[in-house]
Amino acid sequence: KADGLAAGKGVAVCKTRGEAIHAIKRAMVERAFGEAGRRIVIEERLVGQEVSILAVVDGRTIVTLEASQDHKAAYDGDTGPNTGGMGAYSPAPFATPELLDEIIQRVLVPTVHTLRKRGTEFRGVLYAGIMLTAQGPKVLEFNVRFGDPEAQPVLMRLKTDLFGLLMAAAEGRLAGLPELEWDPRAAVCVVMASQGYPGGYEKGRAIRGLERAARLPDTKVFHAGTARHGDQIVTDGGRVLGVTPPGADIAAAT
């Protein structure tokens, strides 16, 4: 992967030596990611189910949100190039309470504790991308923000006031909060992307149907790569919208 910011597109998950060489040439010779590809990082390829864990932290206390799963491949059937995420759903049925407890104890608690020991106490949203391998959970990445598109279905299901939760984290009061309340229904976020993404794509194309979508019960359309030109909303990025409806289960939401 490119050793720099590449808008979530700098990673190639390679199955063969040839794919790996092609990815290296694309980053370092063709400069597909600009300066981010001047150096690359080569890591072990992890195989398994991926789960996204979002936690709100106040430096000492960790409050985990319900698990979600996103899908990185650009096309159906987990095919095509890697992206920043083409959609996500919550809850993730395979993320059992036992698994979440293991991730909390093996990943989140040691991370938050080590940050405190180093004098860099963290307060905010800690996002861990976890791969569930045959050897157990392994960390793919950390972010210190809400993950996208995982945050959309997770926050759609959160009934507890988000502002109050974040203020409690900022003020070190998470330990005194009651348990979070959740909508038992599932939620699915489907990313609407520009044609050609994650490669080259055209900007400035008019988006229609937003008013009709806004009238759908409980459904939210999250804007990502959009802009306003006069009276029109137009495309202004690769991942344009995140359409997020609820449903009795994942299939119904889809």
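Bear in mind the structure is a predicted one, so any value in this text is a computation, not a measurement.

Quick notes on the rules
- Residues numbered from 1 in each chain as written.
- Predicted model: local features only at pLDDT ≥ 70, side-chain atom pairs only at ≥ 80, totals over all residues.
- Heavy atoms only, no water.
- Core = buried A, V, L, I, M, F, W, Y, C linked by side-chain atoms within 4.5 Å.
- Buried < 20%, exposed > 50% of the residue type's maximum accessible area, 1.4 Å probe, protein only.
- Helix = DSSP H or I, 4+ residues; strand = E, 2+ residues; numbered from the N terminus.
- Contact = heavy atoms within 4.5 Å.
- Pairing = 2+ DSSP bridges.
- Axes fitted to C-alpha atoms, helices over the stretch in contact; angles between N-to-C directions.
- Lys, Arg positive; Asp, Glu negative; His and termini not counted.
- Salt bridge = Lys/Arg side-chain N within 4 Å of Asp/Glu carboxyl O.
- Polar contact = N/O pair within 3.5 Å; in protein donor to acceptor, adjacent residues only side chain to side chain.
- Expected span 1.5 Å × (residues − 1).
- Bend = angle between axes of the 7 residues up to and from the residue.
- Arc of directions from axis to C-beta.

Engineer: Give a detailed account of the nonpolar core, specifying residues and quantitative values.
Structural biologist: Membership of the largest hydrophobic core comes to 21 residues, with the highest contact counts inside it found for V51, I53, I103, L108 and I130. Of all elements in the fold, only β1 (49–58), α2 (97–117) and β7 (123–133) reach the threshold of two or more residues within this core. For this core, the element with the most residues is α2, which contributes 6 residues. Setting aside its immediate chain neighbours within four residues, V51 contacts A67, S68, F94, A95, I103, A128, G129, I130 and L132.

Engineer: Got a sec to walk through unusual backbone geometry? Specific residues and values, please.
Structural biologist: With an omega of 15°, the peptide bond between D148 and P149 qualifies as cis. Between Y197 and P198 the backbone carries a cis peptide bond, its omega angle lying at 10°. Tracing the backbone through its elements, the reader meets P198 in the loop between β9 (186–193) and α5 (210–214). Phi at R31 takes a positive value of approximately 55°, unusual for a residue other than glycine. By the element assignment, R31 lies in the loop between α1 (17–28) and β1. Overall, R31 belongs to the partly exposed group, its relative accessible area being 36%. Even without being a glycine, D218 presents a positive backbone phi close to 65°. As for its placement among the helices and strands, D218 is situated in the loop between α5 and β10 (220–223). Its relative accessible area of 46% is what places D218 among the partly exposed residues.

Engineer: How would you sum up the sheet that holds β7? Please name residues and give values.
Structural biologist: Read across the sheet, 4 strands follow the order β2-β1-β7-β8 without closing on themselves; strand pairing throughout is antiparallel. Whereas interior strands pair on both sides, the edge strands pair on one side only; in this sheet they are β2 (62–64) and β8 (136–143). Ignoring strand direction, the axes of neighbouring strands in this sheet form an average angle of 35°. One ladder, built from 3 bridges, connects β1 with β2; its direction is antiparallel. Bridge assignment links V56 to a residue of β2, and that residue is V63. Contacts from α2 reach β1, β2, β7 and β8, with the element oriented near 50° to β8. Those strands touched by helix α4 (residues 162–170) are β1 and β7, and its axis lies near 65° from that of β1.

Engineer: Let's hear about the side chain of D58: which residues, and what values?
Structural biologist: Its location among the elements puts D58 in strand β1. At 6.1 Å, R123 is the nearest oppositely charged side chain to D58, a buried residue that forms no salt bridge. A polar contact is formed between the side chain of D58 and the backbone nitrogen of T61, at a distance of 2.7 Å. Ignoring any residue separated from it by four or fewer positions in sequence, one finds D58 in contact with E121, F122, R123, A168, A169, G172, R173, L174 and A175.

Engineer: Describe in detail α2, supporting the description with residues and values.
Structural biologist: Across its 21 residues, α2 extends 28 Å between first and last C-alpha, which sits within 8% of the 30 Å expected from 1.5 Å per residue. The sharpest bend along α2 comes to roughly 40°, located at I104. In the core, the buried residues of α2 are packed alongside β1, β2, β7 and β8. Count one or two residues on from α2 and you reach G119, which has phi positive near 80°.

Engineer: Outline α4, supporting the account with residue identities and numerical values.
Structural biologist: Taken together, the buried positions of α4 are occupied by L165, A168 and A169. Seen along its axis, α4 keeps its buried residues to an arc of 100°; they face one direction. Next to the buried residues of α4 lie β1 and β7. G172 occupies a position one or two residues after α4 and carries a positive phi of about 70°.

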